[in-house]
Amino acid sequence: MMKVVRGFYAVAYSVKLCKPDVICAYPITPQSEIVENIAQMYANGELGNCEYITAESEFGAASILVGASATGARTYTATCSQGLILMSEVLWNAAGMRLPIVMTIANRSLSAPLSIWNDHQDSMAIRDAGIIQMYVENNQEVHDMMPQAFKIAENHKVMLPMMVCMDGYKLTHAYEPVDLLSQEIVDEFLPPYDPPVKMTTKEPYTFGSYATPATYMEFRAAVYNAMERSRKVIEEVYKEWAEISGRNWGGHIVAENCEDADVCVMAMGSLVGLVREVVKELRGEGKKVGFIKIRTFRPFPAEEIAKAVDNAQKVVVFERSLSMGSDAPVTLDVKAAIHKKAIDVYSPVVGLGGRDVPHKLVKSTIEEVIEGKAKPGTYFKGLKDYEEVVV
Amino acid sequence: MTKFIKSNNVICRKIRGGILILLEVRFHGRGGQGVVTSADVLAVAAFKEGFYTLSFPTFGAEKRGTPVASFLRVSDKPVVLRDEIYEPDYVVILDPTVMESVNVVSGLKDGGFVVANYPREKELEEKLGVKTFTINATKLAIEYLGRPITNTVMVGAFAGITGLVKLETLKETITEWFSKKGEEIAKKNADLVEKAYREMEKRKEEVRELGLKLVER
């Protein structure tokens, strides 16, 4: 049923259809209304036997879910920004313990200075934790992704936490038409969680115990291998979803008009719609430009990207985050993916802390690269004139 | 499903980047007045009439009284642009005091106009320097709701003068929207939206004569 709903509701409604056993969260802007909507559904008795636990902090919320997941429960939480950072110690544990906790991240910047607005610095900060990460472009995609996230994370070949990242405000606070899923379609697609190992009072296990140098490394290699195996599982799930729902969001990446493109432009998250349109516009003006939407960020689709940009001389990566002292995170991976090719990589950093990224800025940024007016590397776009005080 | 916005009785199809945007509206006011809700209610109502819609807000801090803007895009195609609206077809002002710190008419397109909450139309029009239609929303809101929350009036006024949505659709949407707060509040808001809609609908002829943008069916 097509309905105009807010981003929060698109997520909450989809999570409900996935029939989680335990939901535990702590509010943080701009995520709060996701769990408020879920709490409302819980209070209305719409969540069946699900336990909804209000935690005292994000650290507590993640810890409770680690325990719950270890008992074989399907688990969900949502957070962002400082909340995600506060969770991060627990989340590395969750990945190491191979607990398929599913999360929605309402991407928001990190302090300092304090900002409640959108960029990707929060999720990027824990990209190495062993958590699968994917980014959505609109509220239909996030609605569709929740059942897929459970199916991917809970696959026995994977058994890792998964984050579905949606841009705070730009998506969470947006009202737009979403085709709401039916319980039947989700039930048909997503079987109940079948944990390979679970803790009970009769059969207690230890999760995440002390590992000496004699055993630690194998556990970490296993997490690495699981993430590698997830590549195929994710693709299969994306494909199965397209068949069952009739909405095909593509694979790890979606490449458009890249075959003959001299310049390939990449974006991730809610910026995708605008960048795609600008690229189409430039195509219409006769420029040989292609577009790549990156959906899966961890595991990074290096092979797919290398293949897509095969004929390009230049690549533009619109970055929504930074890695201080190096190139921005997506760029680092893109560069690694194409290191054998003679391709220049341009990394305009845009929209930090919710700074709007207007149509004009996107267009002029790409045009500068096409016309040879930009230098490869990381640079800021949309900065105001300001004076940096160095004393 | 296709609907057009007429300007000077010429069908005005605006193409930007190969996509078709029919209408872009920017709302200005202060936190707590329902600026965000205004765009949201219209996004829901216009969708009911067959348009694709997108609304979203921007503001400084989550505090009452700070300047807030919200954005509404209405199209006959799914809306994919999520940048803020720099060149609106219409501007809706819920709180005139926000004009002191925000350039509310920035980028207003030719043929576009302002719908504002203000007691003296000529005075405001001179101040803004663009075609402005006013309604005393604060007074009406206090009269009907007992509170100076002006979003319902301004939604009704905007829809009435532009013809974006029909009155029945708007009343239905407003009733659903406020039903969470009880039947009485929903009824009061539905009456208020009708009052504002009908009052501003009367001025449609002026808009037509001036050759400004209208949503014709």
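Residues numbered from 1 in each chain as written. Chains lettered and ligands numbered in written order. Predicted model: local features only at pLDDT ≥ 70, side-chain atom pairs only at ≥ 80, totals over all residues.

**Some remarks on the domain arrangement of chain A**
Residue and element names in this part refer to chain A.
Step number 1: Structurally, chain A comprises domain 1 (2-245) and domain 2 (253-380).
Step number 2: Of note, the centres of domain 1 and domain 2, computed from C-alpha atoms alone, are 28 Å apart.
Step number 3: Across the contact, 27 residues belong to domain 1 and 20 residues belong to domain 2.
Step number 4: Put simply, the parts of the chain that give the side of domain 1 that touches domain 2 at least two residues each are α5 (121-124), β6 (132-135), β7 (162-167) and α8 (216-245).
Step number 5: Looking at the side of domain 1 that touches domain 2 element by element, the count peaks at 5 residues for α8. (Domains from an automatic or database assignment. Contact = placed C-beta atoms within 7 Å. Helix = DSSP H or I, 4+ residues; strand = E, 2+ residues; numbered from the N terminus.)

**Brief notes about the interface of chain B and chain A**
Step number 1: Contacts between the two partners involve 21 residues from chain B and, on the opposite side, 21 residues from chain A.
Step number 2: Counting only elements with at least two residues in the side of chain B that touches chain A, the list comes to α1 (35-48) and β6 (52-59) of chain B.
Step number 3: Sorting elements by how many residues they give to the side of chain B that touches chain A places β6(B) first, with 6 residues.
Step number 4: Grouping the amino acids of the side of chain B that touches chain A by side-chain chemistry returns 12 nonpolar, 4 polar and 5 charged. (Nonpolar A, V, L, I, M, F, W, Y, C, P; charged D, E, K, R; others polar.)

**Notes on the pairing of strand β8 (residues 175-179) of chain A**
All names here are of chain A.
Step number 1: Of all 5 residues that make up β8, 4 are buried, and the element is covered over most of its length.
Step number 2: Relative to β8, strand β1 (residues 2-6) is paired through 5 bridges, and the arrangement is antiparallel. Across the sheet, residue Arg6 finds its bridge partner in β8, namely Tyr175. (Buried ≥ 20, exposed ≤ 12 C-beta atoms within 10 Å, placed from the backbone. Pairing = 2+ DSSP bridges.)

**Some points on the nonpolar core**
Step number 1: Counting residues in each nonpolar core, the largest one holds 193 residues, and the members touching the most others are Val164(A), Cys264(A), Val265(A), Met266(A), Val275(A) and Leu42(B).
Step number 2: It is α1(B) that contributes the most residues to this core, 10 residues altogether.
Step number 3: The contacts of Val275(A), once residues within four sequence positions are left out, are Val265(A), Ala267(A), Phe291(A), Phe318(A) and Val362(A). (Core = buried A, V, L, I, M, F, W, Y, C linked by C-beta atoms within 7 Å.)

**Considerations on helix α4 (residues 151-162) of chain B**
Residues and elements named next belong to chain B.
Step number 1: Between the first and last C-alpha of α4 there are 16 Å, a value that for 12 residues agrees with the 16 Å anticipated at 1.5 Å per step.
Step number 2: Of all 12 residues in α4, 12 are buried; the element is thus mostly enclosed.
Step number 3: All buried positions along α4 are accounted for by Asn151, Thr152, Val153, Met154, Val155, Gly156, Ala157, Phe158, Ala159, Gly160, Ile161 and Thr162.
Step number 4: One or two steps after α4, the chain reaches Gly163, where phi turns positive at roughly 75 degrees. (Expected span 1.5 Å × (residues − 1).)

**Focus on the environment of Leu22(B)**
All names here are of chain B.
Step number 1: Structurally, Leu22 can be placed in the loop between β4 (19-21) and β5 (23-30).
Step number 2: Residue classification places Leu22 among the buried positions, given that 23 C-beta atoms sit within 10 Å.
Step number 3: Through-space distance from the C-alpha of Leu22 to that of Trp177 is 25 Å; in sequence the pair is 155 residues apart.

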